[in-house]
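Each chain, letter by letter, is given below.
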Amino acid sequence: MMAQGGQRAHGLDRRSVVVGAVACCAAAGTAWAGPEDMLPQKGDRLVLGDGAKAGQPVTLDGLPVGGELVEAVAVDPQGVKREGSRFSKIILVRVAPDQIPEDQRAHTVDGVVAVSGVCTHQGCTITGWNHDSRRLSCFCHHSEFLPAEGGRVAKGPARKRLPVLPLARGEGGTLMVAGAFIGKPGPGPA
Ligand code: FES
């Protein structure tokens, strides 16, 4: 009996350990998420996300008015790129500062606007930019967004605006993150 009880006790202990480990790992799914998995944070600096100059600081000089859309990555103060989540994807465009409504200018630097690069319809990557119409577009189902107007939807099927990432001026004409995305990146209701 004692032996059986002892075996049961040991069995229970083993189960407890397994259950505990599973609970621990499940919790760790969040607890162990590193800085690379976090969305852009205030104080991060921005670097170029693709092309031959990937990893170099984003500068105002490299973002002329009328230029192309630029993909950027936020880097934390310890130098960790926040690339673990696709919802961290950032795109930058630049328009003339007077084309940005007053209530949006505080989030921008010299006409540079940062928004989430993930379409709010079904999550495709935003890749199109037309400076003349000042619209970003998604080629999956042709939604269009106005980044300078708080990322609002100009044409569906998307219904939810593109979250704007507030920017601040860094040293030497670089760009910093001034706050979290305004809104949750990715698909969702309006
Ligand atoms: S995923 Fe972008 S329009 Fe459908």
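Described below are features of the structure shown in this document. Small disclaimer: the values here were computed from a predicted structure and weren't measured.

Another point: the side chain of Asp76. Residue position: Asp76 is located in the loop between strand S2 (70–75) and strand S3 (90–94). Notably, Asp76 is buried but unbridged: the nearest opposite-charge side chain belongs to Arg82, and the N-O separation is 4.4 Å.

This part covers the environment of Val93. Mapped onto the secondary structure, Val93 falls in strand S3. Overall, Val93 belongs to the buried group, its relative accessible area being 2%. Taking the C-alpha atoms as reference, Val93 lies 7.4 Å from Leu63; in sequence the two are 30 residues apart. Those residues within four positions of Val93 in sequence are excluded, and the remaining contacts are Leu69, Gly111, Val112, Val113, Trp129, Leu136 and Pro147.

The next point concerns the pairing of strand S8 (residues 152–155). Pairing of strand S7 (residues 144–146) with S8, which is carried by three bridges, proceeds in the antiparallel orientation. Across the sheet, Phe145 pairs through a bridge with Val153, a residue of S8. Here S7 folds back onto S8, and the loop between the two strands holds five residues, one of which, Gly150, carries a positive phi near 70°.

With that out of the way, let us pick up the pattern of salt bridges. This model, assessed by the stated rule, comprises four salt bridges. Measuring nitrogen to oxygen at the nearest pair gives 2.6 Å for the salt bridge that ties Arg82 to Asp44. Taken as a pair, Arg82 in the loop between S2 and S3 and Asp44 in the loop between helix H1 (2–31) and strand S1 (45–48) lie far apart in primary sequence, 38 residues in all. Taken as a pair, Arg82 and Asp44 share a single burial class, namely buried.

With that settled, consider the nonpolar core. Membership of the largest hydrophobic core comes to 18 residues, with the highest contact counts inside it found for Leu46, Val58, Ile90, Leu92 and Leu175. Of all the elements in the fold, those that place two or more residues in this core are S1, S2, S3, strand S4 (112–116) and strand S10 (175–177). In this structure Leu92 touches Leu46, Val58, Leu63, Glu68, Leu69, Val70, Ala72, Val112, Val113, Ala114 and Leu167, once residues within four positions along its chain are discounted. The next biggest cluster of nonpolar side chains, apart from the first, holds 17 residues, and it includes Ile91, Val113, Val115 and Ile126.

To continue, consider the layout of surface pockets. Counted as a void, the largest pocket has a volume near 160 Å³. When residues of the lining of the largest pocket are assigned to their parent elements, the largest contribution, three residues, is made by S2. Looking at the lining of the largest pocket residue by residue, the classes come out as three nonpolar, three polar and five charged.

Right, let's get into the environment of Gly156. With respect to the element layout, Gly156 can be found in the loop between S8 and strand S9 (167–169). Separated by 12 residues in sequence, Gly156 and Glu144 have C-alpha atoms that sit 6.7 Å apart.

Sheets are built from strands that pair by backbone hydrogen bonding, the pairs being arranged parallel or antiparallel. The antiparallel open sheet is built from four strands, whose spatial order is S5-S6-S7-S8. Strand pairing shows two members of the sheet lacking a second neighbour, strand S5 (128–130) and S8, which therefore form its edges. Taken over all neighbouring pairs, the strand axes of this sheet differ in orientation by 35° on average, direction set aside. Two elements, strand S6 (residues 135–137) and S7, share two bridges in a ladder whose sense is antiparallel. Its bridge partner being in S7, Leu136 is matched across the sheet by Phe145.

Reading the values: the criteria
Residues numbered from 1 in each chain as written. Predicted model: local features only at pLDDT ≥ 70, side-chain atom pairs only at ≥ 80, totals over all residues. Heavy atoms only, no water. Helix = DSSP H or I, 4+ residues; strand = E, 2+ residues; numbered from the N terminus. Buried < 20%, exposed > 50% of the residue type's maximum accessible area, 1.4 Å probe, protein only. Lys, Arg positive; Asp, Glu negative; His and termini not counted. Salt bridge = Lys/Arg side-chain N within 4 Å of Asp/Glu carboxyl O. Contact = heavy atoms within 4.5 Å. Pairing = 2+ DSSP bridges. Core = buried A, V, L, I, M, F, W, Y, C linked by side-chain atoms within 4.5 Å. 1 Å grid on protein atoms, 1.4 Å probe; cavity = no way out; pocket = protein on both sides within 12 Å on 5 of 7 lines; lining within 4 Å. Points joined across faces, edges and corners; volume = space filled by probe spheres on them. Nonpolar A, V, L, I, M, F, W, Y, C, P; charged D, E, K, R; others polar. Axes fitted to C-alpha atoms, helices over the stretch in contact; angles between N-to-C directions.

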